[in-house]
Amino acid sequence: LFAAGGLISFIPSQPDRFDLVSSGDPPLDSATNSKLVPISFLELCICFRVMKAMCDRFLPSKCSSSSTADEKRDRSTLNGWTVIVNTASSMASGAIRRFQDRVLGPSRTGIPSTTSEIWLLGVCYKISEAESSEEADAGSVLDAFRQDFSSLILITYRRGFEPIGETTYTSDVGWGCMLRSGQMLFAQALLFQRLGRSWRKKESEPSEEEYLEILELFGDSGASAFSIHNLILAGESYGLAAGSWVGPYAVCRSWESLARKKREETDVEHCSCSMAVHIISGSEDGERGGAPILCIEDVTKTCLEYSEGETEWASVLLLVPLVLGLDKVNPRYIPSLIATFTFPQSLGILGGKPGASTYIVGVQEDKGFYLDPHDVQQVVTVNKETKDADTSSYHCNTLRYVPLESLDPSLALGFYCRDKDDFDDFCIRARKLAGDANGAPLFTVTQSHRGGERGIAETSSVASSTEISGEEHEDDWQLL
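Because the structure is a prediction, the values reported are computed rather than measured.

Caption draft 1: Structural context of the overall build of the protein chain. Helix and strand counts for the protein chain come out as eleven helices and 17 strands. Put simply, the protein chain has 480 residues, and 48% of those count as buried. Taking the contacts inside the protein chain whose residues are at least 6 apart along the sequence as the reference set, 69% of them involve residues at least 24 apart. As displayed, the protein chain has an accessible area near 23,500 Å², and 51% of this comes from carbon and sulfur atoms.

Here is the structure:
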């Protein structure tokens, strides 16, 4: 690119356009004395990938020169090109952020309301007006909320990892946001299981071994149990492939497959996945819009199979892929979505706008706080032997929120149940939520699939039929 005399420049006053300034073209612009040729965002990314490939091909990391002077000259040249490539990568990262803002809308940061309560994965924070300023005193409710939020595990785009399978992909920029969102939800479940919901990241103290072990599981290599490499491999039958964007349903099924695979490779005591994974889907397995049904007998069977009969119950991650509308979430479902964050078992929502997935971890009124996987970061190595390792790239201090009404209707809910009592409590809350949904439940609960035992799904249908058979009422169902 540079040999051809091209120079990439971003025009700050026109963030929606990327321009290629070529010194060899006739001067048409009086300010720059150059011709401006608009190029697409994809073409710009390709340019950067070509630059990096050229550097990797023609500038080896180890020099074989016999003289010290040659070594210094080669090292200087290599460092110069490294600076150029790193600068280009940084520019691409900023471009991706601007592109993502165009999809999700301008970044909304901070707290949208100074008086409304906030629910963050089952924990309520009631913030008073007196402490709603940005500089909250240590020990205040707002400070506790921010500390809780910043302790959640963030997993973003990475660059520089080993190629995925037999492909040449060494970065998931532009296509891996749903996979990263799924990693965040799964990592949060492991964090709750091993360290508890009350755990907080302390900057002034060495990291706990269990915490580092969790991060190591999500490293970006085939050696890490829950890396993007292994997730794609486990989800091939559901359409997962490097370079391709997938939806929540495929990701949920892929996690179920990966967890089962890791369980089969080791015994229960040494298994990297220390909890069962169960998908709550409808009669058509969730692919044709069937109503999701939580069958208690099915969950019990999943836990029993996971423990191989050693215990009656195992910790379980429940995933609920949903389609809640056509082009956007039907407003009738939003109160129920908000209510799920009040469940102690809540693990949030995998969702966002079309082509831009996020991990929604909290709500305030009709706004959802989220962790954003679209920041591009270099690969880092974290393991339990390096207790002084820098883990700052796995956490976020910036509060971002999005209106729930603007979400893509295809999303997935997550819940973690520690034991049988916790699961029973979840079922009670889920039944009440379905009963209060005014004919539009997110999912229903039943004891078994046997027709003789009436569950919530049947009683809801009977109630709706009774209403419709009377006077004219608003249609309770939406055909998808």
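Caption draft 2: Fine view of the pattern of salt bridges. Counted according to the given criterion, the structure contains twelve salt bridges. Residues Asp148 and Arg200 are paired through a salt bridge, measuring 3.3 Å at the closest nitrogen-oxygen approach. One end of the pair, Asp148, is in helix α3 (residues 141-151); the other, Arg200, is in the loop between α4 (177-195) and α5 (209-217), and 52 residues separate them in sequence. When its relative accessible area of 15% is taken as the criterion, Arg200 is described as buried. A salt bridge links Arg180 to Asp172, with the shortest nitrogen-to-oxygen separation between them at 2.8 Å. We classify Asp172 as buried; its relative accessible area is 0%. Salt bridges here are not isolated pairs; linked through shared partners, they connect Asp148, Arg197 and Arg200.

Caption draft 3: Inspection of the packing of α4 against helix α7 (residues 248-265) at higher detail. α7 packs onto α4 with a crossing angle of 50° between their chain directions and a minimal axis gap of 10 Å. The angle between α4 and α7 places the two elements in the oblique class. As for how α4 packs across α7, the hand of that crossing is right-handed. Here Met178, Leu179, Gly182, Gln183 and Phe186 of α4 lie close against α7, whose contacting residues are Pro248, Val251 and Trp255. Each residue belonging to the contact of α4 with α7 can be placed in one class, and the counts come to six nonpolar, two polar and no charged.

Caption draft 4: Region of the structure containing the pairing of strand β10 (residues 316-323). Across the eight residues of β10, seven count as buried, placing the element largely inside the fold. Sheet topology places strand β8 (residues 276-279) next to β10; four bridges connect them, and they run parallel. Within the sheet, the bridge partner assigned to Ile279 lies in β10 and is Leu319.

Caption draft 5: Highlighting the environment of Val141. Considering the arrangement of structural elements, one finds Val141 in helix α3. A sequence separation of 16 residues divides Val141 from Tyr125, and the C-alpha atoms of the two residues are 6.4 Å apart.

Caption draft 6: Representation of the confidence of the model for the protein chain in the model. Here the protein chain shows a mean pLDDT of 76. Residues at 70 or above account for 66%. Mean pLDDT across the elements of the protein chain bottoms out in strand β2 (residues 18-22) (36) and peaks in strand β16 (residues 410-417) (97). In this model, residues 53-79 is a region of pLDDT below 50 whose contacts with residues beyond four sequence positions or in other chains number twelve contacts. With pLDDT under 50 throughout, residues 284-288 is counted as low confidence; its partners more than four residues away or in other chains account for five contacts.

Caption draft 7: Quick look at the nonpolar core. Grouped together as the largest cluster of nonpolar side chains are 66 residues, with contacts concentrated most on Phe186, Phe218 and Phe226. When residues of this core are assigned to their parent elements, the largest contribution, ten residues, is made by α4.

Caption draft 8: A look at α4. The terminal C-alpha atoms of α4 lie 26 Å apart, and with 19 residues this matches the ideal 27 Å at 1.5 Å per residue to within 8%. A large share of α4 lies buried, amounting to 17 of its 19 residues. Immediately downstream of α4, the backbone of Gly196 shows phi near 90°, a positive value.

Caption draft 9: Region of interest: a negative patch on the surface. Judged by side-chain charge, Glu209, Glu210, Glu216 and Glu385 come together as a negatively charged surface patch. Inspection of the secondary structure puts Glu385 in the loop between β14 (376-378) and β15 (400-403). For Glu385, a relative accessible area of 59% puts it in the exposed group.

Caption draft 10: Quick peek at the packing of aromatic side chains. For the structure on display, the rule yields 18 aromatic pairs. Aromatic pair Phe343 and Phe426: ring centres 5.9 Å apart, planes at 75°, arrangement edge-to-face. Taken together, the positions of Phe343 in the loop between α9 (334-340) and β11 (346-353) and Phe426 in helix α10 (residues 420-435) put the pair 83 residues apart, joining distant regions of the chain. Here the two residues Phe343 and Phe426 agree in accessibility, since each one is buried. In this structure, Arg158 is placed above the aromatic ring of Tyr394, and the distance from its NZ or CZ to the ring centre is 5.0 Å.

Caption draft 11: Quick peek at the pairing of β15. Here β15 shows a buried face lined by Arg400 and Val402 and a second buried face lined by Tyr401 and Pro403. Relative to β15, strand β4 (residues 108-109) runs antiparallel, the two being bridged by two bridges. Residue pairing in the sheet places Thr109 in a bridge with Arg400 of β15. For strand β13 (residues 367-371) and β15, the ladder comprises four bridges, and the chain directions are antiparallel. Opposite Lys367, over in β15, you have Pro403 as the bridge partner.

Conventions adopted
Residues numbered from 1 in each chain as written. Predicted model: local features only at pLDDT ≥ 70, side-chain atom pairs only at ≥ 80, totals over all residues. Heavy atoms only, no water. Helix = DSSP H or I, 4+ residues; strand = E, 2+ residues; numbered from the N terminus. Buried < 20%, exposed > 50% of the residue type's maximum accessible area, 1.4 Å probe, protein only. Contact = heavy atoms within 4.5 Å. Areas by Shrake-Rupley, 256 points an atom, 1.4 Å probe, with all protein chains shown as cover. Salt bridge = Lys/Arg side-chain N within 4 Å of Asp/Glu carboxyl O. Axes fitted to C-alpha atoms, helices over the stretch in contact; angles between N-to-C directions. Parallel < 35°, antiparallel > 145°, perpendicular 65-115°, else oblique. Left-handed = near helix turned anticlockwise from the far one by under 90°. Nonpolar A, V, L, I, M, F, W, Y, C, P; charged D, E, K, R; others polar. Pairing = 2+ DSSP bridges. pLDDT = per-residue confidence, 0-100. Core = buried A, V, L, I, M, F, W, Y, C linked by side-chain atoms within 4.5 Å. Expected span 1.5 Å × (residues − 1). Patch = residues over 30% accessible without salt bridge, like charges linked within 9 Å, V, L, I, M, F, W, Y side chains within 5 Å. Lys, Arg positive; Asp, Glu negative; His and termini not counted. Charge placed at Lys NZ, Arg CZ, Asp CG, Glu CD. Phe/Tyr/Trp six-rings, centres within 6.5 Å; stacked < 30°, edge-to-face > 60°. Lys NZ or Arg CZ within 6 Å of the ring centre and 35° of its normal.

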